[in-house]
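Listed below, chain by chain, are the residues.
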Amino acid sequence: MLSAGTSVSGASADWNEKTIRDNLQLVAEWQAKHPKKRSPLHWTYGAFYSGLVQYGLSVPEGPGLPLLRKAGEE
């Protein structure tokens, strides 16, 4: 039996496109402001950069592509 707040996929009805984009922006900005003290070539940064690319391509007006550009310049 499904509850009223859950879609068939199991995701909360509160998770709409705007909510997801807003959360993506919060995560990207937080991560950029709180980098780990590791080599920028560490594999975890590869995962972060990959996520920034996908975020930047899906939300061009967001901070994803500028953050990625900054990381590339550094």
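Residues numbered from 1 in each chain as written. Predicted model: local features only at pLDDT ≥ 70, side-chain atom pairs only at ≥ 80, totals over all residues. Heavy atoms only, no water.

1. Overview of the pattern of salt bridges
We count it as follows: Only one rule defines a salt bridge in this text: a Lys or Arg side-chain nitrogen within 4 Å of an Asp or Glu carboxyl oxygen. Secondary structure elements are defined from DSSP: runs of H or I of at least 4 residues count as helices, runs of E of at least 2 residues count as strands, and each element is numbered from the N terminus.
Under the defined criterion, the tally for this structure stands at three salt bridges. A salt bridge links Lys-18 to Asp-22; the nearest nitrogen and oxygen atoms lie 2.7 Å apart. Here Asp-22 and Lys-18 lie together in helix 1 (residues 17-33), a separation of four residues that amounts to about one turn. Salt bridges here are not isolated pairs; linked through shared partners, they connect Glu-17, Arg-21 and Glu-61.

2. Overview of the nonpolar core
Heads up, the condition is: Definition used in this section: a nonpolar core is a set of buried Ala, Val, Leu, Ile, Met, Phe, Trp, Tyr and Cys residues joined via side-chain atoms within 4.5 Å. Relative accessibility thresholds used throughout: buried, under 20% of the residue-type maximum; exposed, over 50%; partly exposed, between the two (1.4 Å probe, protein chains only). What makes two residues a contact is simply this: any of their non-hydrogen atoms within 4.5 Å.
Counting six residues, the largest nonpolar core consists of Ala-28, Tyr-45, Phe-48, Leu-52, Tyr-55 and Val-59. Here this core gets four residues from one element, more than from any other, and that element is helix 2 (residues 43-58). With sequence-adjacent residues up to four places away left out, Tyr-45 is seen in contact with Pro-35, Lys-36, Arg-38, Ser-39 and Pro-40.

3. Here's the deal with helix 1
Rules: To estimate how far a helix should reach, multiply one less than its number of residues by 1.5 Å. Two N or O atoms count as a polar contact when they lie within 3.5 Å, although within protein this holds only if one can serve as hydrogen donor and the other as acceptor, and sequence-adjacent residues are included solely when both atoms are side-chain atoms.
With 17 residues, helix 1 ought to run about 24 Å at 1.5 Å a step, and its terminal C-alpha atoms sit 24 Å apart, in line with that. Measuring from the side-chain oxygen of the N-cap residue of helix 1 to the backbone nitrogen of Lys-18 gives 3.1 Å; that N-cap residue is Asn-16.

4. Thoughts on the layout of surface pockets
To find leftover empty space, one rolls a probe the size of a water molecule over the atoms. In plain terms, the rule: The pocket and cavity definitions rest on a 1 Å grid over protein atoms only: a 1.4 Å probe that fits but cannot leave marks a cavity, an open set with protein on both sides within 12 Å along at least five of seven lines marks a pocket, and residues lining either have an atom within 4 Å of a point. Grid points are joined across faces, edges and corners, and a volume is the space filled by probe spheres set on the points. Throughout this entry, Asp, Glu, Lys and Arg are counted as charged residues, while Ala, Val, Leu, Ile, Met, Phe, Trp, Tyr, Cys and Pro are counted as nonpolar. The remaining residues, Gly among them, count as polar.
Here the largest pocket is characterised by a volume of approximately 320 Å³. Forming the walls of the largest pocket are 13 residues, and the residues nearest its centre are Pro-35, Tyr-45, Tyr-49, Ala-71 and Glu-74. Looking at the lining of the largest pocket, the elements that each hand over two or more residues are helix 1, helix 2 and helix 3 (64-73). The element contributing the most residues to the lining of the largest pocket is helix 2, with four residues. For the lining of the largest pocket, the residue count by class is nine nonpolar, one polar and three charged.

5. Let's talk about the packing of aromatic side chains
Worth spelling out the cut-off: Note on aromatic pairs: the rings of Phe, Tyr and Trp (six-membered ring only in Trp) are paired at centre separations within 6.5 Å, and the planes decide the class, stacked below 30 degrees, edge-to-face beyond 60, tilted for the rest.
Enumeration according to the criterion identifies two aromatic pairs in this entry. Aromatic side chains Phe-48 and Tyr-49 sit 6.0 Å apart centroid to centroid with 45 degrees between the ring planes, which places their arrangement in the tilted category. An aromatic cluster is defined as three or more aromatic residues linked by ring pairs; in this entry it consists of Tyr-45, Phe-48 and Tyr-49.

6. Comments concerning the environment of Phe-48
Relative to the elements of secondary structure, Phe-48 occurs in helix 2. Remark: the alpha-carbon pair of Phe-48 and Leu-68, spanning 20 residues in sequence, is separated by 9.4 Å. In contact with Phe-48, other than residues within four places in its own chain, are Ala-28, Gln-31 and Ala-32.

The values are spatial; any link to function lies outside them.
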